[in-house]
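Fold and contact review
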Amino acid sequence: MGTWSSRGLRGSTLEDMINMTNENYREKKLALIQKIPTPITPVKIDQNTRHITLAYFEKQSTVDYIGAVQGIPVCFDAKECAAKTFPMMNIHEHQVKFMEDFEKQGGVAFIILFYSHLNEAYYIPFKDIQFFFERSVNGGRKSFTYDEIDKDYLLRSVPGALIHYLEGIRKDLDRRKD
């Protein structure tokens, strides 16, 4: 069981962009994606502001988002990175296992990785996450670099979709057919 503090809000800008995109997708009947709340037990509450300042996670979370895109089950996690190297310790074994099981059930799992210093977001297909994870647990590099990710998965902003990840899903599915 981990603890939560204000540093847990680091990804809130990315999540805000994804949440706005999800709302637009829902309105246009393109997708129905829900943010999965992480269950917490508050430990400390600031009496002046009534904000939680310390809490414990009740259980391990799986992914940040889950839903369906045109009948295809999807799940994904949102991650931010302020450098050109992303530490694999930021993707937990139970998350990789959940995404693997999700894909075995016919779903599409991925990560949206936002390089904040470059202002670029990428769709990282599960097969790439699995490769990087297995490499890290088998004694290899414990991170992956910006140069290792597939730049074809750069996510554009379009009107109403600040993180237009439907393009990434389409490319991922097209490549699976080949």
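Structural data are supplied above this passage.
One structure accompanies this document, and this report is about it.

**Details of the overall build of the protein chain**
For the protein chain, the count of helices and strands is 4 helices and 11 strands. Here the contacts in the protein chain between residues at least 6 apart in sequence split such that 66% fall between residues at least 24 apart.

**Structural notes on the nonpolar core**
Core analysis: the largest hydrophobic core is formed by 24 residues, its most contacted members being Phe110, Ile112 and Tyr165. Looking at this core, the elements with two or more residues in it are α1 (12-27), β2 (31-35), β5 (65-69), β6 (72-81), β8 (108-115), β9 (120-125) and α4 (166-177). If near-sequence neighbours (up to four positions away) are discounted, Tyr165 is found in contact with Thr21, Asn22, Tyr25, Ile33, Phe76, Phe110, Ile112, Tyr123 and Leu155. By size, the runner-up hydrophobic cluster in this structure holds 22 residues, among which are Phe86, Ile111, Leu113 and Ile129.

**Details of the pattern of salt bridges**
Considering all chains together, one arrives at 14 salt bridges under this definition. The salt bridge partner of Lys35 is Glu15, with a shortest N-O separation of 3.7 Å. With Lys35 in strand β2 and Glu15 in helix α1, this residue pair connects regions lying 20 residues apart in the sequence. Close ionic contact of Glu100 with Lys104 constitutes a salt bridge, the shortest N to O distance being 3.6 Å. On the criterion of helical spacing, the pair formed by Glu100 and Lys104 is a turn pair, its members being 4 residues apart in helix α2 (residues 93-104). For Glu100, a relative accessible area of 23% translates into the label partly exposed. Connected through shared salt-bridge partners, Glu15, Lys35 and Asp64 make up one network.

**Quick look at the environment of Ile111**
Within the secondary structure layout, Ile111 lies in strand β8. Along the chain, Ile111 and Tyr65 lie 46 residues apart, while their C-alpha atoms are 9.9 Å from each other. With residues near it in sequence (within four places) discarded, Ile111 still touches Asp77, Lys79, Ile91, Met99, Tyr122, Tyr123, Ile124 and Ile129.

**Focus: α2**
Between the first and last C-alpha of α2 there are 17 Å, a value that for 12 residues agrees with the 16 Å anticipated at 1.5 Å per step. Within α2, the full set of buried residues consists of Gln95, Val96, Met99 and Phe102. Along α2, the residues classed as buried sweep out an arc of 125° about the axis, all on the same side. Opposite the buried face of α2, at more than 90 degrees from it, the exposed residues are Glu93 and Lys104. Where α2 is buried, its residues meet β5, β6, β8 and α3 (126-137). Gly106 lies just past α2 and shows a positive phi near 95°.

**Describing the packing of α2 against α3**
Axis separation between α2 and α3 bottoms out at 11 Å; the angle between their running directions is 140°. As the angle between them shows, α2 and α3 are arranged oblique. Handedness of the α2/α3 crossing: left-handed. Packed against α2, whose contacting residues are Glu93, Val96, Met99, Glu100 and Glu103, the element α3 presents Phe126, Ile129, Gln130 and Phe133 at the interface. For the contact of α2 with α3, the per-class residue count stands at 5 nonpolar, 1 polar and 3 charged.

**Some points on the pairing of β5**
If a strand is regular, its side chains alternate between the two faces of the sheet. Summarising the sheet, β2 and β5 pair through 5 bridges and their orientation is antiparallel. The residue of β5 that forms the bridge with Gln34 is Ile66. Relative to β6, β5 is paired through 5 bridges, and the arrangement is antiparallel. Each bridged residue has a counterpart across the sheet, and for Ala68 the counterpart in β6 is Pro73. Hairpin remark: β5 followed by β6, antiparallel, with 2 residues in the connecting loop; positive phi at Gln70, about 50°.

Definitions and limits used
- Residues numbered from 1 in each chain as written.
- Predicted model: local features only at pLDDT ≥ 70, side-chain atom pairs only at ≥ 80, totals over all residues.
- Heavy atoms only, no water.
- Helix = DSSP H or I, 4+ residues; strand = E, 2+ residues; numbered from the N terminus.
- Contact = heavy atoms within 4.5 Å.
- Core = buried A, V, L, I, M, F, W, Y, C linked by side-chain atoms within 4.5 Å.
- Buried < 20%, exposed > 50% of the residue type's maximum accessible area, 1.4 Å probe, protein only.
- Salt bridge = Lys/Arg side-chain N within 4 Å of Asp/Glu carboxyl O.
- Expected span 1.5 Å × (residues − 1).
- Arc of directions from axis to C-beta.
- Axes fitted to C-alpha atoms, helices over the stretch in contact; angles between N-to-C directions.
- Parallel < 35°, antiparallel > 145°, perpendicular 65-115°, else oblique.
- Left-handed = near helix turned anticlockwise from the far one by under 90°.
- Nonpolar A, V, L, I, M, F, W, Y, C, P; charged D, E, K, R; others polar.
- Pairing = 2+ DSSP bridges.

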